[in-house]
Amino acid sequence: LNVSALDALVMQLDGLDGSAASKWCEDLRCTSGAIACIANLLADPEPAVHGPALMLVAMCTCADVDAACGATLSMLREAGAFRHVCNHLLISAQPFTVALACAACQNASLDPPTVVELLEESGVAERLSQLKGCRQPAIVQAASAALANLERTAALMAHALASVRRLQLHWRNTRHRRAIRR
């Protein structure tokens, strides 16, 4: 897949809305190897490929573009895409690439398993915080939104974990009381 073909895919998706965009994303998910190919393009040695690949990831993981973006997120996560997104976020010197990596993180940060992966990547939250203070408005906006989503999802996950722990404790106490009564 060359850069112009990748750009054409981005332009095609960008020209769609509503159910047509969702259908396009569904077709992409159903095309054997397409999601893995996009994930691999994120690590391509040719820098010109990174922008369009990040744009596809950001667009296909956006609920406003694809109603079933969770399925795409899952497939991208399984293909290792977010490790590469994090690399672009952490080391890229290209403002456009950083903005697109922030946008991809923003959408991915709504998916709890992906949040775990992003939080495991050293420095992602710190980098997003740092980028909130840069002079590029697109980066500031995307980094702020990504960090807010990351924090919100992490808080929801912590709340869910605390609820599970309370239920486990309640179950153990109930089981212990039943054992004593016997």
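Fair warning: this is a prediction, and the values are worked out from it, not measured in the lab. (Residues numbered from 1 in each chain as written. Predicted model: local features only at pLDDT ≥ 70, side-chain atom pairs only at ≥ 80, totals over all residues. Heavy atoms only, no water.)

(A) A look at the overall build of the protein chain. Looking only at helices and strands, the protein chain has ten helices and zero strands in total. Written out in order from the N terminus, the α and β elements of the protein chain read α-α-α-α-α-α-α-α-α-α. Expressed as lengths along the three principal axes of its C-alpha atoms, the size of the protein chain is roughly 75 × 40 × 30 Å. For the protein chain, the proportion of its 182 residues judged to be buried stands at 41%. Of the accessible surface of the protein chain, which amounts to about 10,100 Å², a share of 57% is contributed by carbon and sulfur atoms. One finds the centroid of the 16 positive side-chain charges in the protein chain at a distance of 22 Å from the centroid of its 16 negative side-chain charges. (Helix = DSSP H or I, 4+ residues; strand = E, 2+ residues; numbered from the N terminus. Buried < 20%, exposed > 50% of the residue type's maximum accessible area, 1.4 Å probe, protein only. Areas by Shrake-Rupley, 256 points an atom, 1.4 Å probe, with all protein chains shown as cover. Lys, Arg positive; Asp, Glu negative; His and termini not counted. Charge placed at Lys NZ, Arg CZ, Asp CG, Glu CD.)

(B) Quick look at the packing of helix α1 (residues 3-14) against helix α2 (residues 18-30). In the contact formed by α1 and α2, the axes pass within 9 Å of each other and the chain directions differ by 145°. On the side of α1, the interface is formed by L9, Q12 and L13, while α2 contributes A21, W24 and C25. Each residue belonging to the contact of α1 with α2 can be placed in one class, and the counts come to five nonpolar, one polar and no charged. (Axes fitted to C-alpha atoms, helices over the stretch in contact; angles between N-to-C directions. Contact = heavy atoms within 4.5 Å. Nonpolar A, V, L, I, M, F, W, Y, C, P; charged D, E, K, R; others polar.)

(C) Seen up close, the nonpolar core. Judged by nonpolar contacts, the single largest core of 48 residues is most densely connected at L13, V57, V85, L89, C102 and L128. In contact with L13, other than residues within four places in its own chain, are A21, W24, C25, L56, M59, C60 and V65. (Core = buried A, V, L, I, M, F, W, Y, C linked by side-chain atoms within 4.5 Å.)

(D) Quick peek at the pattern of salt bridges. Per the stated rule, a full pass over the model turns up two salt bridges. A salt bridge links D27 to K23; its shortest N-O distance comes to 2.7 Å. Placement of the pair is D27 and K23 together in helix α2, with a separation of four residues, close to one helical turn. Classification of D27 as partly exposed rests on a relative accessible area of 34%. Across the pair R29 and D66 runs a salt bridge, and its minimum N-O distance is 2.5 Å. Of this pair, R29 sits in helix α2 while D66 sits in the loop between α4 (47-60) and α5 (69-78), and the two are 37 residues apart along the sequence. With respect to burial, R29 and D66 carry one shared label: buried. (Salt bridge = Lys/Arg side-chain N within 4 Å of Asp/Glu carboxyl O.)

(E) Highlighting helix α9 (residues 124-131). The complete set of buried residues in α9 reads V124, R127, L128 and L131. Considered in projection along α9, the buried side chains sweep an arc of 100° and stay on one side of the axis. Structural note: α9 exposes E126 and Q130 on the side pointing more than 90 degrees away from its buried face. (Arc of directions from axis to C-beta.)

(F) Main features of the state of the cysteines. All told, the structure shown has zero disulfides when counted by the stated rule. The closest cysteine sulfur to the non-disulfide-bonded C60 is located on C25, 3.8 Å from its own sulfur. C69 provides the cysteine sulfur closest to C62, a residue in no disulfide bond, and the two sulfurs are 7.0 Å apart. (Disulfide = S-S within 2.5 Å.)

(G) Examining the side chain of N149 more closely. Within the fold, N149 resides in helix α10 (residues 137-181). One polar contact links N149 to R152, side chain to side chain, over a distance of 2.6 Å. If we skip the residues at most four places from it in the chain, N149 touches Q106, S109 and L110. (Polar contact = N/O pair within 3.5 Å; in protein donor to acceptor, adjacent residues only side chain to side chain.)

(H) Up close: the environment of D64. Checked against the element boundaries, D64 lands in the loop between α4 and α5. Take D64: its relative accessible area is 72%, and that puts it in the exposed class. Counting along the chain gives 46 residues from D64 to G18, while the straight-line C-alpha distance between them is 7.7 Å.

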